[in-house]
Amino acid sequence: MTDDAFDLAIIGGGINGCGIARDAAGRGWSVFLCERGDLGSGTSSASTKLIHGGLRYLEQYEFRLVREALKEREVLWGIAPHIVWPLRFVLPHHRRLRPAWLLRLGLFLYDHLGGRRRLPPASTLNLRSDPVGRVLKPAFARGFAYSDCWVEDSRLVVLNARDAADRGATIVSRTACVSAERADGFWSLDLRDAVTGTTRTVRARALVNAAGPWVAEVAGSVVRANVPAPIRLVQGSHVVVRKLYEHDAAYIFQNADGRIFFLIPYERDFTLIGTTDQDYKGDPSEVCISPGETDYLCRSTAEYLRVPITPDQVVWSYSGVRPLFDDGSADPKQATRDYVLQLDAPGGAPALLTVFGGKITTYRRLAETALSMLQPHLPPAASRKPGWTGRTALPGGDFPMDGFEAVVATAAARYPFVPPATLRRLFRAYGTRADTIIGGAAAFTDLGRVLGADLTDAELRYLIGHEWARTAEDVVWRRSKLGLRLAPAEIAAIDTAMRRLIEDGPTAA
């Protein structure tokens, strides 16, 4: 078997592809993953950033999905406590919408369906006396609070890829699979580097199509599969405004159209508002928020907030396309968020597994299910048993799930020359691997130039060498959200600095 022959090849570097790669590499299989853009540059970086069961999915009787997702909250918090942490949600009772008894029943199920252990239970709130009620209209006198978790979604993708690579997987970004066909007991994949145009071929015993919104395109034009691609593309958009309140709780609001939307504390100085649900037609790479969506989100806040949001307050927005399994629902908000996996291995031919749908919360369980389906088509792997990914920390997360403040305090004593806000940001993003960035520095100037906000040469070198970053967009909008604090000229200067760093030395991850 040549160096370019693998047990498993994966098309798609979103959360599902990278999650499968991590699990498979950790079990001892040889893994190749290609992504035609940046890792996590599609749907996986455009979520509402929540690790949650999906309270509203209870009304759709998605009990299996909700239970699995609820169980995953504390699992993911435990393996990545630097990028996952608890978040308390405030749900005001709207008299004209769902009755209070129905909300209480839903929250009771939410507390007891998924094995909650560390997260606090739901409670009732007096919004006229509790500080969380101050931002709301006086008409909202009663509400409820419950717990879910927050996640830095695009960092979750990169950390899964980093761990997969640390365990032997080959991860290549900006590399498109232009064709794949079965030949001589293997899948043969023809690849093209999107930057240089160079081509190469790799072989694999089994293939996973985890291309997200492009899954149907890959199935049809790349793999030429004989199975249907029942995919429904649904656009979800978010807006970001300056911070609306001082406390650290989020809000979940009901709309008269049956949708819900969130207000969430974001990047210390901002508030995130979203999301929308509307069918999408067109190229997913060109998705962007429409004026109608912006207006919808702003108008929705007028129902609840003392001072509603207006479009001119929006400082940033982002949109993603959810690749939902098409279950025939007439309304996008009713379409299932569950994942569906289709295996095609006719007559013992090399297997093809196609991934439809899924939520970022359940990516790890999706990976386990995918590998259980593929296992008969792969050679024996004895390194680890199924479930290991829920017991083993992601890179930088090797500390107790409630130990982040202790980690920061220890780092502050070790690196007194790093400004406190910068130190906290670095350890939030990289966990204990922030030590690799700061390294043997004895002064902040040892980290090199400050390229804007608090981004240094040292951090930039780390992102290029360890996290596949190649452009300023990769750094300021996916590996971080420093773009919120940078001027266009500063972002352009970062792009220039990255090109020079890439040209000056080896940067293979």
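Above this text is the structure in question.
Analysis parameters
- Residues numbered from 1 in each chain as written.
- Predicted model: local features only at pLDDT ≥ 70, side-chain atom pairs only at ≥ 80, totals over all residues.
- Heavy atoms only, no water.
- Helix = DSSP H or I, 4+ residues; strand = E, 2+ residues; numbered from the N terminus.
- Rg over C-alpha atoms; globule rule 2.2 N^0.38 Å.
- Buried < 20%, exposed > 50% of the residue type's maximum accessible area, 1.4 Å probe, protein only.
- Contact = heavy atoms within 4.5 Å.
- Salt bridge = Lys/Arg side-chain N within 4 Å of Asp/Glu carboxyl O.
- Lys, Arg positive; Asp, Glu negative; His and termini not counted.
- Polar contact = N/O pair within 3.5 Å; in protein donor to acceptor, adjacent residues only side chain to side chain.
- Axes fitted to C-alpha atoms, helices over the stretch in contact; angles between N-to-C directions.
- Parallel < 35°, antiparallel > 145°, perpendicular 65-115°, else oblique.
- Left-handed = near helix turned anticlockwise from the far one by under 90°.
- Phe/Tyr/Trp six-rings, centres within 6.5 Å; stacked < 30°, edge-to-face > 60°.
- Lys NZ or Arg CZ within 6 Å of the ring centre and 35° of its normal.
- Pairing = 2+ DSSP bridges.
- Expected span 1.5 Å × (residues − 1).

Some thoughts on the overall build of the protein chain
Link 1 in the chain: Within the protein chain, the secondary structure is distributed over 13 helices and 18 strands.
Link 2 in the chain: The C-alpha radius of gyration of the protein chain comes to 23 Å, within 12% of the 23 Å expected for a compact globule of 509 residues.
Link 3 in the chain: Each principal axis of the C-alpha distribution contributes one length, and for the protein chain these read about 70 × 60 × 40 Å.
Link 4 in the chain: Burial analysis of the protein chain (509 residues in total) assigns 57% to the buried set.
Link 5 in the chain: By sequence separation, contacts in the protein chain at least 24 residues apart represent 72% of the contacts at least 6 residues apart.

Thoughts on the pattern of salt bridges
Side chains carrying opposite charge are able to pair once their charged atoms draw close together.
Link 1 in the chain: Counting across every chain of the model gives 41 salt bridges.
Link 2 in the chain: Where Arg27 meets Asp23, a salt bridge forms, and the shortest distance between an N and an O atom there is 2.9 Å.
Link 3 in the chain: Note on Asp23: relative accessible area 0%, which makes it buried.
Link 4 in the chain: Here Asp38 and Arg478 are joined by a salt bridge, their closest N and O atoms 2.7 Å apart.

Comments concerning the side chain of Lys481
Link 1 in the chain: Note on placement: Lys481 falls in the loop between α12 (472–479) and α13 (488–504).
Link 2 in the chain: Among buried charged residues, Lys481 stands out as having no salt bridge; its nearest opposite-charge side chain is Asp153, 4.8 Å away.
Link 3 in the chain: Of note is the side chain of Lys481, whose polar atom sits 3.0 Å from the backbone oxygen of Trp477.
Link 4 in the chain: In this structure Lys481 touches Lys49, Ser154, Tyr266, Glu267, Trp316 and Val476, once residues within four positions along its chain are discounted.

Section: the packing of helix α1 (residues 15–26) against helix α4 (residues 153–166)
Link 1 in the chain: Interhelical geometry of α1 versus α4 gives an angle of 25° and a closest axis separation of 8 Å. As far as their axial angle goes, α4 and α1 are roughly parallel. Note that α1 runs across α4; the crossing there is left-handed. Only Leu156, Val157, Asn160, Ala161, Asp163 and Ala164 of α4 make contact with α1, whose side of the interface consists of Ile15, Cys18, Gly19, Ala21, Arg22 and Ala25.

Thoughts on the packing of aromatic side chains
Aromatic ring pairs are described here by two measures, namely the spacing of the ring centres and the angle between the planes.
Link 1 in the chain: Taken as a whole and judged by the stated rule, the model has 17 aromatic pairs.
Link 2 in the chain: Measuring from centroid to centroid gives 5.3 Å for Phe253 and Phe261, while their planes differ by 65°, and the two rings are edge-to-face. For the residue pair Phe253 and Phe261, the accessibility class agrees, reading buried in each case.
Link 3 in the chain: Between Arg118 and the ring centre of Trp77, over which it is positioned, the NZ or CZ distance is 6.0 Å.
Link 4 in the chain: The ring of Trp85 has Arg428 sitting right over it, with the charged end atom 4.0 Å from the ring centre.

Description of the pairing of strand β8 (residues 175–183)
Link 1 in the chain: Pairing of β8 with strand β9 (residues 186–193) involves eight bridges; the strand directions are antiparallel. Residue pairing for β9: Ala183 is matched across the bridge by Phe186.
Link 2 in the chain: Hairpin connection between β8 and β9: a loop of two residues separates the two successive antiparallel strands, and Asp184 in this loop has a positive phi of roughly 55°.

Re α12
Side chains of residues three or four places apart in an α-helix project in the same direction, reflecting 3.6 residues per turn.
Link 1 in the chain: With six of eight residues buried, α12 is to be regarded as a mostly interior element.
Link 2 in the chain: Turning to α12, its buried residues are Ala472, Asp474, Val475, Val476, Arg478 and Arg479.
Link 3 in the chain: In this structure, the buried side of α12 is in contact with α4, α11 (457–466) and α13.

Focus: the environment of Tyr363
Link 1 in the chain: Structurally, the position occupied by Tyr363 is in helix α7 (residues 363–374).
Link 2 in the chain: As a C-alpha pair, Tyr363 and Glu72 span 291 residues in sequence and 9.3 Å in three-dimensional space.
Link 3 in the chain: Look past the residues within four positions of Tyr363 in its chain and what remains in contact with it is Ile15, Asn16, Gly19, Leu76, Ile79, Leu156, Asn160 and Leu394.

Topic: unusual backbone geometry
Link 1 in the chain: Cis geometry marks the peptide bond from Gly274 to Thr275, where omega comes out at 15°.
Link 2 in the chain: You can see Thr275 is positioned in the loop between β14 (270–274) and β15 (278–279).
Link 3 in the chain: One non-glycine residue, Lys49, lies in positive phi territory at about 70°.
Link 4 in the chain: Relative to the helices and strands, Lys49 resides in the loop between β2 (31–34) and β3 (50–51).
Link 5 in the chain: One non-glycine residue, Arg268, lies in positive phi territory at about 70°.

What about the environment of Thr456?
Link 1 in the chain: By the element assignment, Thr456 lies in the loop between α10 (434–438) and α11.
Link 2 in the chain: Look at Thr456 and you get buried, because its relative accessible area is 4%.
Link 3 in the chain: A C-alpha to C-alpha distance of 16 Å links Thr456 and Arg428, two positions 28 residues apart in sequence.
Link 4 in the chain: Setting aside residues up to four positions removed in sequence, Thr456 forms contacts with Phe444, Leu447, Arg449, Val450 and Leu451.

Here we look at α1
Link 1 in the chain: The terminal C-alpha atoms of α1 lie 16 Å apart, and with twelve residues this matches the ideal 16 Å at 1.5 Å per residue to within 8%.
Link 2 in the chain: When you tally the buried positions in α1, you get twelve out of twelve residues, the bulk of the element.
Link 3 in the chain: Of all the residues in α1, the buried ones are Ile15, Asn16, Gly17, Cys18, Gly19, Ile20, Ala21, Arg22, Asp23, Ala24, Ala25 and Gly26.
Link 4 in the chain: Where α1 terminates, the next one or two residues include Gly28, which has phi positive at roughly 105°.

Quick word on the pairing of strand β16 (residues 314–325)
Link 1 in the chain: Burial of β16 is extensive: nine of the twelve residues sit out of reach of the surface.
Link 2 in the chain: Pairing geometry for strand β11 (residues 231–242) and β16, over eleven bridges, is antiparallel. Within the sheet, the bridge partner assigned to Val240 lies in β16 and is Trp316.

Such coordinate-based values are descriptive only and should not be taken to indicate function.
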